[in-house]
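Coordinate analysis (summary)
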Amino acid sequence: MFKQPVSSSDFDRNFRSEVTEHPDASGLSACFSCGTCTAGCPIHEVFPEYNPRKLAKMVKLGMRKQVLSSPYIWYCATCHNCEQHCPQNVKFFNVLNVLKNMAAKEGYAPSCWIKQTEQVAKTGIVFSIEEKWVKKREELSLPSLKLDGKKAKKIIELTCADKIKARDSE
Amino acid sequence: MSKYALFLGCTTPTQVPQYEVSVRWVCKYFGIELIDIEDFICCGINQVNLSIEAGLLMATMNLALAEAKGLDILTLCAACTGALAEAIEKLKDKAIKDRVNEKLRDIGLEYKGKVKVKHISRVLYEDVGVEKIKREVKKDLSDLRVAPHYGCHYLKPKSAFEGFEEPDNPKTLHRLISAIGAQPVNYETLNLCCGGKVFPVSEDLVHSLVQKKLDNLKNKRIDAMVLQCQTCYLMYSDRQKEVNKKYGKQYNLPIILYPQLLGLALGADPAKNLGLNLHTVAVDKVLEKIT
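Treat the numbers as computed from the prediction; the structure is a model and nothing was measured.

Looking at the domain arrangement of chain B
All names here are of chain B. Taken as a whole, chain B is organised into domain 1 (2–119) and domain 2 (130–288). Of the residues lining the interface, 23 residues belong to domain 1; the matching set on domain 2 comes to 28 residues. Mapped onto the side of domain 1 that touches domain 2, the elements with two or more residues apiece are helix H1 (11–15), helix H2 (17–29) and helix H4 (78–90). Tallying contributions element by element places H2 first for the side of domain 1 that touches domain 2, with 9 residues. Considering only residue class, the side of domain 1 that touches domain 2 consists of 13 nonpolar, 8 polar and 2 charged.

Listed below in structure tokens is the structure:
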């Protein structure tokens, strides 16, 4: 990730505060880059290029474009190990969500999450149900599913989550 | 005994009905009343990726629906448990709660802050209790050596679960397994994440994680992995087949959800009551060991 050096003159000095202004990411200011988050990260273990410490440091330096356009900010498995062991109580999982929201607004979201949001607006859940499972539910005497997305759609519209376009949409 | 709003989530009802049917059977057995709320939607955990606000609103809508009926929520999915519990934690901030309620008003709901969320295993552990479970066991499971898998969001963030579990050294599933006479086996990658939440983004990452745990469990004479979340279930069962193909492996580890194993110990019918005939990795060898 980011093999080319980025000159400090290209840093966006406001990026750090833009991120930490969000209550979910305010804890990042306390990070002293010890790397405990990375040492305990299961994704880092199988894919070392995904590196929470590096991402945190890049945010603090102001590497706005490099962070928000990075596909790796979407690689978190959401296991919460990073915050579980962080000596500074930084909730990196939440910091990442703030970064992902910012990236999504700028058109960098992977299409899988856009499609899920569209699905939720239809059925209220992130899937539809295949006919074979409808039959299995009947065989098991389970109640039929309502799968009504009206209220979910309203919520998505209220938060403008339906306005987000995917990076691979064009 | 106790009464809960049953929160099915997205994956269980549409892809893993064997989990749902076994939970309904086990709850009925112990007199836990489950109320279906048709208007429940996705817990919002994946929407957080695009909009933290949308995710929080979805979680809160579900909380408000249960609250309006005076019920606490019983979850099946570890991630739903985490998402709803995290929302409750967040909504303790009055300013956040007021902001969320202002939007919920548009769909005719209000969240007051009276509802609790408990995963099925926690309900079994706290409401029924290990001693009561022990007394009800009808079958002999003592030959079964099983690997527990907890599911990250069942344990973390710790602050959302009132100190119920110790994420680095979890115990409840071990105890629930021991209660029915089977042997929970410890292993090095016990706390390794299944990767389910990153599966839509990268199947490769998940295959690597799944392979790592399956590799750790081979040569340990394990009869099955026992888990408590349908997403973890799908990662270790359906993805197990993919991992075999991709890496040229021959893993053949049965994956069972805890309520199914509990049901077996209580004498339930494996197919009709527990859906064990629907498993991707056949469980016949496990059933043969139960007498």
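Now that the structure has been shown, the text picks up again.
What about the nonpolar core?
Residues and elements named next belong to chain B. Counting 151 residues, the largest nonpolar core has Met58, Leu84, Val146, Val226 and Tyr233 as its most contacted members. Of the residues forming this core, the biggest block, 11 residues, is contributed by helix H3 (residues 52–68). For Val146, the contacting residues outside a window of four places in its chain are Ile177, Ala182, Gln183, Pro184, Val185, Ile222, Asp223, Ala224, Met225 and Val226.

Side note on the sheet that holds strand E8 (residues 255–257) of chain B
Residues and elements named next belong to chain B. In space, the 4 strands of this open sheet follow the order E6-E5-E7-E8, with parallel pairing throughout. Either end of the sheet is taken by a strand with one partner, and the two such strands are strand E6 (183–184) and E8. Of the strand pairs in this sheet, strand E5 (residues 145–149) and E6 are connected by 2 bridges, and their pairing is parallel. Looking at the pairing, Val146 lines up with Pro184 of E6.

Thoughts on the confidence of the model for chain B
In this model, chain B carries an average pLDDT of 97, and 100% of its residues clear a pLDDT of 70 or more. Scoring the predicted complex yields pTM 0.97 and, for the interface, ipTM 0.95.

Side note on the pairing of E5(B)
All names here are of chain B. Along E5, 4 of the 5 residues are buried, which leaves the element largely enclosed by surrounding structure. Examined bridge by bridge, E5 and strand E7 (residues 224–227) share 4 bridges and lie parallel to one another. The partner of Ala147 across the bridge, within E7, is Met225.

Focus: the interface of chain B and chain A
Contacts between chain B and chain A engage 46 residues on the former and 47 residues on the latter. Taken together, the elements giving at least two residues each to the side of chain B that touches chain A come down to H1, H2, H3 and helix H10 (203–217) of chain B. Top element by residues in the side of chain B that touches chain A is H3(B). It accounts for 6 residues. Of the residues in the side of chain B that touches chain A, the class split is 25 nonpolar, 10 polar and 11 charged.

Re the domain arrangement of chain A
Much of the literature gives interface size as the accessible area that the parts lose upon coming together. Its domain assignment divides chain A into domain 1 (11–105) and domain 2 (111–163). A C-alpha centroid distance of 30 Å is found between domain 1 of chain A and domain 2 of chain A.

Examining the sheet that holds strand E1 (residues 2–7) of chain B
Residue and element names in this part refer to chain B. What the 4 strands build is an open sheet, ordered E2-E1-E3-E4; its pairing is parallel. In this open sheet, the two strands that pair with only one neighbour each are strand E2 (32–36) and strand E4 (117–119). The average angle at which neighbouring strand axes cross in this sheet is 40 degrees, direction not considered. In the sheet, E1 pairs with E2 via 5 bridges, with the strands oriented parallel. Its bridge partner being in E2, Tyr4 is matched across the sheet by Leu34. H4 contacts E1, strand E3 (72–75) and E4 of the sheet and is inclined by roughly 160 degrees relative to E4.

Each value, and the rule that gives it
- Sequence positions are assigned chain by chain, starting from 1 and proceeding in written order.
- As they are written, the chains are lettered A onward and the ligands numbered 1 onward, keeping that order.
- With the structure being a predicted model, the display of local features is reserved for residues of pLDDT at least 70 and the display and counting of side-chain atom pairs for 80 or more, all residues being used for whole-chain, interface and lining totals.
- An automatic or database domain assignment supplies the residue ranges for each domain.
- Here, residue contact means that the backbone-derived C-beta atoms of the two residues sit within 7 Å.
- Only DSSP runs of H or I reaching four residues or more are called helices, and only runs of E reaching two or more are called strands; each is numbered from the N terminus.
- Polarity classes work like this: nonpolar for Ala, Val, Leu, Ile, Met, Phe, Trp, Tyr, Cys and Pro, charged for Asp, Glu, Lys and Arg, and polar for all others, with Gly in that last group.
- Throughout this description, the term nonpolar core refers to a group of buried Ala, Val, Leu, Ile, Met, Phe, Trp, Tyr and Cys residues whose C-beta atoms join them within 7 Å.
- Counting other C-beta atoms within 10 Å of a residue's own tells you its class, since 20 or more makes it buried, 12 or fewer makes it exposed, and anything in between is partly exposed; those C-beta atoms are placed from the backbone.
- The pairing criterion is simple: DSSP has to find at least two bridges between the two strands.
- What pLDDT reports is the predictor's confidence in each residue, on a scale of 0 through 100.
- In this description, a line fitted to the C-alpha atoms serves as the axis of each element, helices being fitted only across the stretch in contact, and the angle between N-to-C directions of two axes falls anywhere from 0 to 180 degrees.

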